[in-house]
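Next come the chains, spelled out residue by residue.
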Amino acid sequence: MSVPNELDLSDRLAALEQLDVSPAANSRLVNITKDYIGSDRETALMVFTRAWPLLAARMAGIARGPEGEQVLRARLKAGLGGNGAWAQGPPGGSVGLRNWLVANEPETWRDAPWG
């Protein structure tokens, strides 16, 4: 995924537009995410992080791929479905994806615990 140098994540709508995620696609991605998280609250915690435009762009790219939305749904099911570990992290002190996104600025993501 290519990220523009001038991307401003403080302007959510502009960032989504720069990353080629339309309002309709963003809404669809939020709904798909909720399907696998299962909770409005937990979905909102993920969607309202500063990181969401980048996550949405990556998800949109996967959904636009040759196998379409099926691959995106399979990945979300594997990573989020029925599994609170994405939020809490595994035993032993590793932080979960949601908590890590909330606590860290996008500039530090290259050091993300999920590689």
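One can find the structure itself at the top, above this paragraph.
Residues numbered from 1 in each chain as written. Predicted model: local features only at pLDDT ≥ 70, side-chain atom pairs only at ≥ 80, totals over all residues. Heavy atoms only, no water.

Participant: Explain the overall build of the chain here, please?
Facilitator: Along the chain, the regular secondary structure elements total 7 helices and 0 strands. Written out in order from the N terminus, the α and β elements of the chain read α-α-α-α-α-α-α. Relative to its full complement of 115 residues, the chain shows a buried share of 35%. When contacts within the chain are restricted to residue pairs at least 6 apart in sequence, those whose partners lie at least 24 apart make up 52%. Here the chain has roughly 6,900 Å² of accessible surface; of this, 51% comes from carbon and sulfur atoms. (Helix = DSSP H or I, 4+ residues; strand = E, 2+ residues; numbered from the N terminus. Buried < 20%, exposed > 50% of the residue type's maximum accessible area, 1.4 Å probe, protein only. Contact = heavy atoms within 4.5 Å. Areas by Shrake-Rupley, 256 points an atom, 1.4 Å probe, with all protein chains shown as cover.)

Participant: What exactly am I supposed to notice about the environment of Arg 28 here?
Facilitator: Position of Arg 28 relative to the elements: it lies in helix α2 (residues 23–37). Residue class for Arg 28 comes out partly exposed when judged on its relative accessible area of 40%. Setting aside anything within four residues of it in sequence, one finds Arg 28 in contact with Glu 69 and Arg 73.

Participant: Any chance you could explain the nonpolar core here in plain terms?
Facilitator: Soluble globular proteins tend to pack their nonpolar side chains together in the buried interior. Of all hydrophobic cores here, the largest spans 21 residues; its most connected members are Val 21, Leu 29, Trp 52 and Leu 72. The leading source of residues in this core is helix α4 (residues 52–63), at 7 residues. For Leu 29, the contacting residues outside a window of four places in its chain are Val 21, Trp 52, Ala 56, Met 59, Ala 60 and Leu 72. (Core = buried A, V, L, I, M, F, W, Y, C linked by side-chain atoms within 4.5 Å.)

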